[in-house]
Amino acid sequence: MAALHLAARHAITHPWRTVLLTAALTATLAVPLAAARLLAVHESLLRARAEATPLVVGPAGSRFDLAFAALWFRPAELDPVPYSVLQDLEHPDVLLLPLHARASVRLDPERPPTPLVATTPEYLEFRNLRPARGTMPLLAGDAALGAAAAARLGLEVGDRVFTSPLDLYDITLPPTIELTITGVLAETGTPDDEAIFTPLATAWIVEGLMHGHDDAETMARAGDRRVLAESEGRVAIAPGIVEDQAIRAESLGRLHAHGSLAEAPLTAIIVVPDPSLPADRRVRATTIVAARADADPLRRAIRPSRVFDELLGFALRIKQLVDALSLVLGGCTLALALLVTAMSTRARAAEFRTLHDIG
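Right, let's walk through the structure included here. Bear in mind that the values here come from a model prediction, so they are computed numbers and not experimental data.

### Digging into helix H3 (residues 63-71)
Next up, step 1: What H3 keeps buried is the set Phe64, Leu66, Ala67, Ala69, Ala70 and Leu71.
Next up, step 2: Of the residues flanking the start of H3, the one acting as N-cap is Ser62, its side-chain oxygen 3.3 Å from the backbone nitrogen of Phe64.
Next up, step 3: Count one or two residues on from H3 and you reach Phe73, which has phi positive near 55°.

Here's what the structure looks like:
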């Protein structure tokens, strides 16, 4: 008790020295513990997402960029793959889930954009996404918010939001498209909570491959000055005609594509084998699809679980370096504490002898 009393009195008498020494010892212990904890949390989240995705097909390039673009919707400098790839990869034992994650929504320039993911209803079912409020997006221009995206953007069912331009300097692309929020998804604790989901047709509109405007034949019959020429079954209209910026139920019939959508861009394609099949048949089907994808030098197939293992290997090596630095820091801190204690003891040796003599 006497030692504790003396220690407490010393800490009160020399507060800054005590604070610095305590902070140094705390940092020495906290850094490796915090690094281990963060690595464990991120490992469990990343591994669950990767292992739930059997195979991803995308453009040739960095496998890490492709994995993060397809699973976490992170922007990547990768060329898109054409929609026609779906036909090349068709197999009776697998389900192909196309993803377009090149667009985004940004309401606050001070915050990062929210990814706009265009996909099919099968993807939403595959990820077990269900609406907590409202309905799932069914038509072009409809959108469903992930739980975290809805909270961050402050949007609800019935609100409208505008997409961000894909390229500010490309005048051939539509500047922005208005989306209608039809639902807010239940929280899943996955990256899907951070995204906005919409049908694939919306992506084609954002890319400038589809658009809607006043009917050309109706304009010709009305003698509209924007009609430049007419021939059998054809009407030429001025290029400055205003396209529909908002997609409404009454304007869906005006949507049309200029050219074939077979070359429409996709970020990636997730390949999911039929879960009702035996394991060996599922493996065979994914192997066949992966071989078809790798046969084209412009495409590649990756298994996210293997990519994650590589990433984890890099993270573990970094953690080992942090642990080694923590040991060095700990040794230096311990040596400093011993030095301070030894100098204090030597400087007050006479006092300690006096205390010993008086009991």
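### Structural notes on the pairing of strand S15 (residues 268-273)
Next up, step 1: Within S15, six of the six residues are buried, which leaves the element mostly enclosed by the surrounding structure.
Next up, step 2: The side-chain alternation of S15 yields two buried faces, one formed by Ala268, Ile270 and Val272 and the other by Ile269, Val271 and Pro273.
Next up, step 3: In the sheet, strand S3 (residues 94-105) pairs with S15 via six bridges, with the strands oriented antiparallel. Following the sheet pairing, Leu97 is matched in S15 by Ile270.

### Considerations on unusual backbone geometry
Next up, step 1: The residue Phe73 is not glycine, and still its phi comes out positive at about 55°.
Next up, step 2: If you trace the backbone, Phe73 turns up in the loop between H3 and strand S2 (81-82).
Next up, step 3: Assessed through its relative accessible area of 4%, Phe73 is described here as buried.
Next up, step 4: One non-glycine residue, Asn128, lies in positive phi territory at about 60°.

### Considering the environment of Leu336
Next up, step 1: Examined against the element boundaries, Leu336 turns out to sit in helix H10 (residues 304-347).
Next up, step 2: Residue classification places Leu336 among the partly exposed residues on the basis of a relative accessible area of 45%.

### Considerations on the nonpolar core
Next up, step 1: Formed by 29 residues in total, the largest nonpolar core has its most connected members in Val56, Phe73, Val117, Tyr123, Phe197 and Ile270.
Next up, step 2: Residue assignment for this core shows that the elements contributing at least two residues are H3, S3, helix H5 (121-126), S15 and H10.
Next up, step 3: When residues of this core are assigned to their parent elements, the largest contribution, five residues, is made by H3.
Next up, step 4: If we skip the residues at most four places from it in the chain, Phe73 touches Arg49, Phe68, Ala101, Pro115, Val117, Tyr123, Pro191, Asp192, Ala195 and Phe197.
Next up, step 5: Counting residues in hydrophobic clusters, the runner-up holds 21 residues, among them Val81, Leu89, Val94 and Leu266.

### Quick word on the pattern of salt bridges
Next up, step 1: If you walk through the whole model with that rule in mind, you get 12 salt bridges.
Next up, step 2: Note that Arg47 is salt-bridged to Asp309, the shortest N-O span being 3.6 Å. Linking Arg47 in helix H2 (residues 15-51) with Asp309 in helix H10, this pair joins segments that are 262 residues apart in sequence.
Next up, step 3: Classification of Asp309 as partly exposed rests on a relative accessible area of 41%.

### Here we look at a nonpolar patch on the surface
Next up, step 1: Together, Leu336, Leu339 and Met343 give the surface a local cluster of nonpolar side chains, amounting to about 310 Å² of exposed area.
Next up, step 2: Inspection of the secondary structure puts Met343 in helix H10.

### Thoughts on helix H9 (residues 279-294)
Next up, step 1: Helix length check: H9, at 16 residues, gives a terminal C-alpha distance of 22 Å against a target of 22 Å (1.5 Å per residue), a fit within 8%.
Next up, step 2: Every buried residue of H9 is accounted for by Ala285, Thr286, Val289, Ala290 and Ala293. In a view along the axis of H9, the buried residues occupy a sector of 130°, so they form one face of it. Those residues of H9 that are exposed and aimed more than 90 degrees away from the buried face are Asp280, Val283 and Arg284.

Calculation criteria
Residues numbered from 1 in each chain as written. Predicted model: local features only at pLDDT ≥ 70, side-chain atom pairs only at ≥ 80, totals over all residues. Heavy atoms only, no water. Buried < 20%, exposed > 50% of the residue type's maximum accessible area, 1.4 Å probe, protein only. Helix = DSSP H or I, 4+ residues; strand = E, 2+ residues; numbered from the N terminus. Polar contact = N/O pair within 3.5 Å; in protein donor to acceptor, adjacent residues only side chain to side chain. Pairing = 2+ DSSP bridges. Core = buried A, V, L, I, M, F, W, Y, C linked by side-chain atoms within 4.5 Å. Contact = heavy atoms within 4.5 Å. Salt bridge = Lys/Arg side-chain N within 4 Å of Asp/Glu carboxyl O. Patch = residues over 30% accessible without salt bridge, like charges linked within 9 Å, V, L, I, M, F, W, Y side chains within 5 Å. Areas by Shrake-Rupley, 256 points an atom, 1.4 Å probe, with all protein chains shown as cover. Expected span 1.5 Å × (residues − 1). Arc of directions from axis to C-beta.

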